[in-house]
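Single-letter residue listing:
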Amino acid sequence: MPRYLSLSWKILLLMLSMLLILLLWFTGLSLLHMNDQFTRQQAQRKAQGQQYFDVYNQSSTQQLLTWLQTQAELQQLHLADDFNQFAASLPQQFEPLQQNFAVQQLYLWNQQQQLLYSSAGATEIEPAAVVVATLQQQQPQSDTRCGQICEKQLTLPLLNRHGEIAVLQANADMAGVLFSLHQALGVDVALVQVNADNAQQQLRLLLASNRELLRQLYQVLPAQFDLATAREEGLILQLQQQSYFIHFITLAPAQSDAYVLLMLEDVSAAVAENSRYQQRVLTMAAACFLLLLLLIMLITRRISRRILQLAAALPLLAQRRYAAFRQQSQLPAAWFADELTTFNDSVLSLNNQLETLDLQLAENTASLQRMAMVDQLTALANRNMLQQRLAAALANLTQQPGVVALLFLDLDKFKTINNSRSHVVGDQLLIETARRLETLATPQDLVCRFGGDEFAILLSGLTATEQAETMAMRVLALFEQPFVLAQVSLRLSASIGISYTQDAQQDGDELIRCADLAMYQAKASGRNCYVVFNQQMSADLAARIQLETELRQALLLQQFSLSLQPQVNLSSGKLCGFEALIRWQHPQRGIVAPDEFIPVLEQTQLIVDVGYWVFDRSCRYCAELIAAGLNDVTIAVNISADQFLHTKLPDRFGQILQRYGLSGHHFELEITESTLINNFSETLGMMYRLKAQGFRLAIDDFGTGYSSLNYLKQMPVDVIKIDKSFVVNMLDNPQDYQIVASTIAMVQKLGLQVVAEGVESFAVVKLLQQHQCDFAQGYYFSKPLAETQLPVFVQQVLQQHWPAALLPPATQP
């Protein structure tokens, strides 16, 4: 039994939970706003630092360029024959450059990238990349390079009287720019180098306005420090009860990954203010929470007392003490009427109604018991009555030995009639069937409607088992006469299962189960017959259950494989496609025939999962065939009724096609006639959805179902496949020949194509060609090909060695 928790406490906990969530949301929103404001302020500071750095850097660069250009003009370099005199004047200019612009090195390069002058005295050095760029573009260039120190490389192209080019290179120290930035913003700045070592980034200090502070902050960097995140968001570090915000500023695009400008700002005051603000918000939220807690407790306490009083009186209703309940459920007067007052009035009204209903209940119980034993549609006994009478008949065998038999019958193809005509006609058929069965029953027999289109006849007091079979034959005879309903004549048949016993200890439900098994055996035997139960049927059921288990394992362990049977264009004599056929290699049984395991897949709903596996494997084969050079072939895939009515079928197929990079026009989906007719409205909508994806649609096993021209005209099908049972015997059976010929003619007049299955001889091929059949497949052309056989077959097709079967047998190579 669950622990008791009063309603007042539940209301209290609910209100407190809602209040707590609201306070947490408000508090979190306030703190988030505060943090966002702090983040925006730091972003502005970073942008200001970036702007100041760019301004100072550009200003120093422009001043140095101006000075260099002025010196070149003063030396009248544009009138000189060469650069030697200008190079000789550079040593006198180096000292002013050091003093005014912090120039560390000065170089002069000619057009052949040869060093004409070096302030460092070195002659065997390579020109920097910025020098090469200046010679190519003939424009001033600048770059930032850091080694032991950070310096800015600035180049200026020079021309003499003959139009020859030389490049003047000045390397200036970056310390001046950083000092100016430090003075302007009042923050410490530093220039660091980023080194990558085993994906762990390290910083090396190159230049700093406060090197000791930078060294201490480096010691407290987080172990999982992420430089990429720090560049975007900055970094807050705690050092000796002080808070520092570090901005990471990129120097230039060429150096952004190697060198970073750091701007350190003391944000201790802002962090302390944020902490105080958080404390104030949390204190206010806690105070509001406690105040509302006290208020809710006062309100819910009164509600709890009144509810408990009503709860104490409610058991009197179960005891049907209606007067005592009215006396004890009176509530004390309140200042105002509320929901509890309304609830109390409703409970008193319920008490009065229950008192009235209690009297009516006794009157209705007997009537309901009678209704529970009779089927409302046919007025026959129902399943409950059958079980009751069967139990009594079995118990009576102890006193009067004999035979108790049960006939279990199911109307054949009733669902088809019910769907194609109407449910009203179906109900009339059931009523007329009940009337006919009642004419055979004796007073000792019981005719009942078991459910749906299933009926049962209980025969008790029999002296021989043959009497049950005699009754079964009489029942079958009843269906020889057509049913005439509303000027419509319908023929119907039944499949009957018989079980009987002479044992009084026999379980009634087991006897029904045996008759049901026998009935299904009668359907499997061709319908319109009866079958007497035997133990082999139980064994067959056990075998089917075992097969079902093994099929689940086969799907899990991938024991299924897919074979492709070629299809031939009879007019061109070329390969036009394949039909995908599933195969099962059982580890103990070996190859299991599809006719043996596919019905079990359909009964267990495993057919849907297997169907998606078949389509996936067909897509893989199709991609391999296209890669091998067969671009115009189509793979026909059989779709079961359950899978075709699966609402997500187009979506699942679309996902599989996308995975293999294919489209629907590579595939032809085959649906049986029975699937289309039994669920016409659903299948019609599904067909149009699949057609929109590019799939070709085919009706499989045409001629074995109930297709009509009216249905055929409404369906967006492309291909009709004539069942092999007609094609195989068309040479020997005139009726099969006429069916095949007329089907081809009829289908082609509708603008559809025809595929003949089961072609096993050249004579059949020629006959199909005479009637202008479009396509054919069968053992005459090729057996289904396993995956390992496909490469050789593809080569034969590409080399035009196949299909030679269209030629007369005597001339085949």
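Structure first, text after, so check above.
This report concerns the structure included in the present document.

Calculation notes
Residues numbered from 1 in each chain as written. Predicted model: local features only at pLDDT ≥ 70, side-chain atom pairs only at ≥ 80, totals over all residues. Heavy atoms only, no water. Pairing = 2+ DSSP bridges. Helix = DSSP H or I, 4+ residues; strand = E, 2+ residues; numbered from the N terminus. Axes fitted to C-alpha atoms, helices over the stretch in contact; angles between N-to-C directions. Contact = heavy atoms within 4.5 Å. Phe/Tyr/Trp six-rings, centres within 6.5 Å; stacked < 30°, edge-to-face > 60°. Buried < 20%, exposed > 50% of the residue type's maximum accessible area, 1.4 Å probe, protein only. Lys NZ or Arg CZ within 6 Å of the ring centre and 35° of its normal.

1. What to know about the sheet that holds strand S16 (residues 494-501)
Here is step 1 of the chain: If you trace the five strands from one edge of the open sheet to the other, you get S12-S13-S11-S16-S17, paired in mixed fashion. Two strands bound the open sheet, and with one partner strand each, they are strand S12 (446-451) and strand S17 (530-532). The average angle at which neighbouring strand axes cross in this sheet is 20°, direction not considered.
Here is step 2 of the chain: Each of strand S11 (403-411), strand S13 (454-462), S16 and S17 touches helix H14 (residues 466-478); the most contacted strand, S16, lies at about 165° to it.
Here is step 3 of the chain: Along the sheet, helix H15 (residues 508-524) makes contact with S11, S12, S13, S16 and S17, crossing S16 at roughly 145°.

2. Side note on the packing of aromatic side chains
Here is step 1 of the chain: This model, assessed by the stated rule, comprises 15 aromatic pairs.
Here is step 2 of the chain: Ring geometry for Tyr 107 versus Trp 109: centroids 6.3 Å apart, planes at 40°, classification tilted. The pair Tyr 107 / Trp 109 is uniform in exposure class, with both members buried.
Here is step 3 of the chain: For the ring pair Phe 479 and Phe 483, a centre distance of 6.0 Å and an interplane angle of 45° mean the geometry is tilted.
Here is step 4 of the chain: Relative accessible area serves as the criterion here: at 1%, Phe 483 is assigned to the buried category.
Here is step 5 of the chain: The rings of Tyr 612, Phe 615, Phe 653, Phe 667 and Phe 695 are connected pair by pair, giving a single aromatic cluster.
Here is step 6 of the chain: Taking the ring centre of Phe 483 as reference, the NZ or CZ of Arg 436 above it sits at 3.7 Å.
Here is step 7 of the chain: For Arg 652, the ring lying beneath its charged end belongs to Tyr 612, and the centroid distance is 3.9 Å.

3. Focus on the sheet that holds strand S1 (residues 103-109)
Here is step 1 of the chain: On the basis of which strands lie adjacent, the open sheet formed by five strands has the order S2-S1-S5-S4-S3 and antiparallel pairing. Edge positions in the sheet fall to strand S2 (115-118) and strand S3 (141-146), since each of these pairs with one other strand and no more. Strand-to-strand twist in this sheet, taken as the mean axis angle between neighbours without regard to direction, amounts to 20°.
Here is step 2 of the chain: Bridge count for S3 against strand S4 (residues 150-159) is six bridges, and the pairing is antiparallel. Bridged to Asp 143 within S4 is Gln 153.
Here is step 3 of the chain: Helix H2 (residues 84-101) rests against S1, S2, S4 and strand S5 (165-173) of the sheet, and its axis sits at about 155° to S1.

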